[in-house]
Amino acid sequence: MVRNILVTAALLGGTALALPTAEQLFGRQAAECPATGDVPAVNVAKLPDPFTFASGTKVATKADWKCRQQEISKIMQQYELGDLPPPPDKVEATLSGNTMSVKITVGSNTATINSNIKKPSGGNGPAIITIGGSSLPIPGTVGTVSFGNDAFAQQNGGNSRGVGTFYNLFGKSHSAGALTAWAWGVGRLIDGLEQLGAAKTGIDPTKLGVTGCSRNGKGAFVVGALNERIALTLPQESGSGGAACWRVSDSQKQKGANIQTASQIVGENVWFSPRFNQYTSRTTSIPEDHHMLAGLVAPRGLFVMENDIDWLGPVSTTACMRAGRLIYQALGAPEAMGFDLTGGHGHCQFPSASRSNLDAYINKYLLGTGTPPSNLEKGPSVNIADWVDWTPPTLT
Ligand code: MCU
């Protein structure tokens, strides 16, 4: 693999090559963590403990957490997301006007993705990658980079499984669901931005955010979780499959709520891997839940926006993301994750009441000014003891 050669050359102190990218460094770090094979199913009614490895070893340090994150990522891929492939053999990016074209080579297959770029007004500044567009009030000082997720992996009901650019590269029966496919595709857009550089694109590839709403909000969350190079993840009204936890949604459904559950979601669309199907009627057997999706983003910036719509699971998203914030607290970064559930507006219509909170996250993690409030949570009241029976450590 090209990547390994580059990493090896960099380790040997080769000067002819550019410094390794964040992804290459991350790959090197992976070698320092214990290898994770498949993790067996469990019987855990509450949200599984993020701070205990599958082996039973406790997470005590921030370095342990980096390894546990890699394990959690693998477990999520094993149970629901499908496999995230390694980086491709080759990426060749070009820029013509506002269009960035990224040609991707995987073995003998090639594909090109096109992205519309809007430069930040100040030049050489941050940008937000938009998954299928965005209704957020993105300030002019922050650019945008479009990702055409529908073409990359279709999300058009059960018959769209395996359709799109990702599956042209990896084969129709690849295990990745659409969310994972998009995460891989966004990784290639970031490769393209790194390769072209800020002088050409006007975008600093170390200051990237990602957003999307509803089904594309699930996408934004998974894109942020699986791409270390994203500084700020902004999922909007992602609901079930995003900010909601499968277990909490099942319990709310049993109490009579009209809420989307794992059993429903796998019949509606192809967001998840076919591997997930066997677990949706017994979500308590899954050794992860979506508080750990937030945990994969931690301690990078994460601002989760939700709406008061039953189908999205207001209690589920609030409880799930509170459990996620316990991970941020354990890492000593309580300001880096905020949760804002504001109702009284149409689905995916950003409410002005959330503006100051959104701005605080954009300012800190993309523009480098100010600090968001610590432990930001706005939502219905939940009793977290119903869902969490582990005690977060203080990671040193
Ligand atoms: C909240 O996202 C989805 C939801 O999961 C689906 O059940 C529903 O069909 O569509 C929502 C959506 O994407 O709305 C635009």
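Residues numbered from 1 in each chain as written. Predicted model: local features only at pLDDT ≥ 70, side-chain atom pairs only at ≥ 80, totals over all residues. Heavy atoms only, no water.

Digging into the pairing of strand S3 (residues 109–118)
Sheet analysis places strand S2 (residues 99–106) next to S3, joined by 8 bridges and oriented antiparallel. Within S3, the position partnered with Thr99 by the bridge is Asn116. Joining the antiparallel neighbours S2 and S3 is a turn of 2 residues, in which Gly107 adopts a positive phi near 60°. Taken together, the 2 bridges between S3 and strand S5 (residues 143–147) define a ladder with antiparallel strand orientation. (Pairing = 2+ DSSP bridges. Helix = DSSP H or I, 4+ residues; strand = E, 2+ residues; numbered from the N terminus.)

Here's the deal with the environment of Leu296
Relative to the elements of secondary structure, Leu296 occurs in helix H11 (residues 291–297). As a C-alpha pair, Leu296 and Gln70 span 226 residues in sequence and 8.2 Å in three-dimensional space.

Brief notes about the state of the cysteines
Per the counting criterion, the structure on display carries 3 disulfides. Note on cysteine connectivity: Cys33 is disulfide-linked to Cys67, with sulfurs 2.1 Å apart. Classification of the bridge connecting Cys33 and Cys67 rests on its S-S torsion, roughly -85°, and on that basis the disulfide is left-handed. Placement of the pair is Cys33 in the loop between helix H2 (22–30) and helix H3 (62–81) and Cys67 in helix H3, with a sequence separation of 34 residues. Of the residues examined, Cys67 reaches a relative accessible area of 15% and is grouped as buried. The disulfide partner of Cys213 is Cys348, and the gap between their sulfur atoms is 2.1 Å. Looking along the S-S bond of the Cys213-Cys348 disulfide, the torsion reads about -95°, which is the left-handed sense. Taken as a pair, Cys213 in strand S6 (residues 203–213) and Cys348 in the loop between strand S9 (337–341) and helix H13 (355–367) lie far apart in primary sequence, 135 residues in all. When sorted by exposure, Cys213 lands in the same class as Cys348, which is buried. (Disulfide = S-S within 2.5 Å. Buried < 20%, exposed > 50% of the residue type's maximum accessible area, 1.4 Å probe, protein only.)

Points about the sheet that holds strand S4 (residues 125–131)
What the 10 strands build is an open sheet, ordered S1-S2-S3-S5-S4-S6-S7-S8-S9-S10; its pairing is mixed. Taken across any chain shown, the strands that pair with only one partner, and hence form the sheet edges, are strand S1 (90–96) and strand S10 (377–378). For S4 and S6, the ladder comprises 5 bridges, and the chain directions are parallel. Across the sheet, residue Gly125 finds its bridge partner in S6, namely Ile203. Sitting on the sheet, helix H12 (residues 314–330) is in contact with strand S8 (301–306), S9 and S10, with an inclination near 165° to S9. (Contact = heavy atoms within 4.5 Å. Axes fitted to C-alpha atoms, helices over the stretch in contact; angles between N-to-C directions.)

Focus on the pairing of S5
Each regular strand displays side chains that alternate between the two surfaces of the sheet. Counted residue by residue, S5 has 4 buried out of 5 residues, so it is predominantly covered. The pairing of S4 with S5 spans 5 bridges and is parallel. Following the sheet pairing, Ile128 is matched in S5 by Thr144.

Some thoughts on the UniProt feature "domain: 4-O-methyl-glucuronoyl methylesterase-like" (unreviewed entry) in the protein
UniProt marks residues 102–332 with the feature "domain: 4-O-methyl-glucuronoyl methylesterase-like" (unreviewed entry), using the numbering shown here. Along residues 102–332, the helical share is 37% and the strand share 21%, with 38 Å between the first and last C-alpha atoms. (UniProt positions renumbered as here; feature names shortened; annotations may be inferred.)

Side note on the side chain of Thr283
With respect to the element layout, Thr283 can be found in the loop between helix H10 (262–268) and H11. In terms of polar contacts, Thr283 uses its side chain to reach the side chain of Asp250, at 2.7 Å. Sequence-distant contacts of Thr283, defined by excluding residues within four places in its chain, comprise Trp246, Arg247, Asp250 and Ala262. (Polar contact = N/O pair within 3.5 Å; in protein donor to acceptor, adjacent residues only side chain to side chain.)

Thoughts on the nonpolar core
Ranked by size, the top nonpolar core spans 106 residues in total, and within it Ile129, Ile131, Phe147, Trp182, Phe221 and Met321 carry the most contacts. The greatest single-element share of this core, amounting to 11 residues, is contributed by helix H6 (residues 178–196). Not counting residues up to four positions away in its chain, the partners in contact with Phe147 are Ile113, Ile129, Thr130, Ile131, Gly132, Phe152, Trp182, Gly185, Val186 and Leu189. (Core = buried A, V, L, I, M, F, W, Y, C linked by side-chain atoms within 4.5 Å.)

Remarks on the site of the ligand
Residues in contact with the ligand, as listed here, are Ser214, Arg215, Lys218, Glu237, Gln260, Glu268, Trp271, Trp311, Leu312 and His347. Between Arg215 and the ligand, the recorded distance is 2.6 Å, taken from a side-chain N or O atom to an oxygen atom. When the free accessible area of the ligand is taken as 370 Å², the share hidden by the protein chains comes to 77%. Each residue belonging to the shell around the ligand can be placed in one class, and the counts come to 3 nonpolar, 3 polar and 4 charged. (Near = heavy atom within 4 Å. Areas by Shrake-Rupley, 256 points an atom, 1.4 Å probe, with all protein chains shown as cover. Nonpolar A, V, L, I, M, F, W, Y, C, P; charged D, E, K, R; others polar.)

So, the packing of aromatic side chains
Across all of its chains, the model carries 15 aromatic pairs by this definition. Where Phe51 meets Trp65, the ring centres are 5.6 Å apart and the plane angle is 45°; that geometry is what we call tilted. Separated by 14 residues along the polypeptide, Phe51 in the loop between H2 and H3 and Trp65 in helix H3 bring together distant segments of the chain. When sorted by exposure, Phe51 lands in the same class as Trp65, which is buried. Aromatic pair Phe152 and Trp184: ring centres 6.5 Å apart, planes at 20°, arrangement stacked. One end of the pair, Phe152, is in helix H4 (residues 149–152); the other, Trp184, is in helix H6, with 32 residues separating them in the sequence. By way of ring pairs, the aromatic residues Phe147, Phe152, Phe166, Tyr167, Phe170 and Trp184 are connected into one cluster. The ring of Trp184 has Arg188 lying over it, and the distance from NZ or CZ to the ring centre is 4.7 Å. A cation sits over an aromatic face here: Lys218 above Trp271, 5.3 Å from the ring centre. (Phe/Tyr/Trp six-rings, centres within 6.5 Å; stacked < 30°, edge-to-face > 60°. Lys NZ or Arg CZ within 6 Å of the ring centre and 35° of its normal.)

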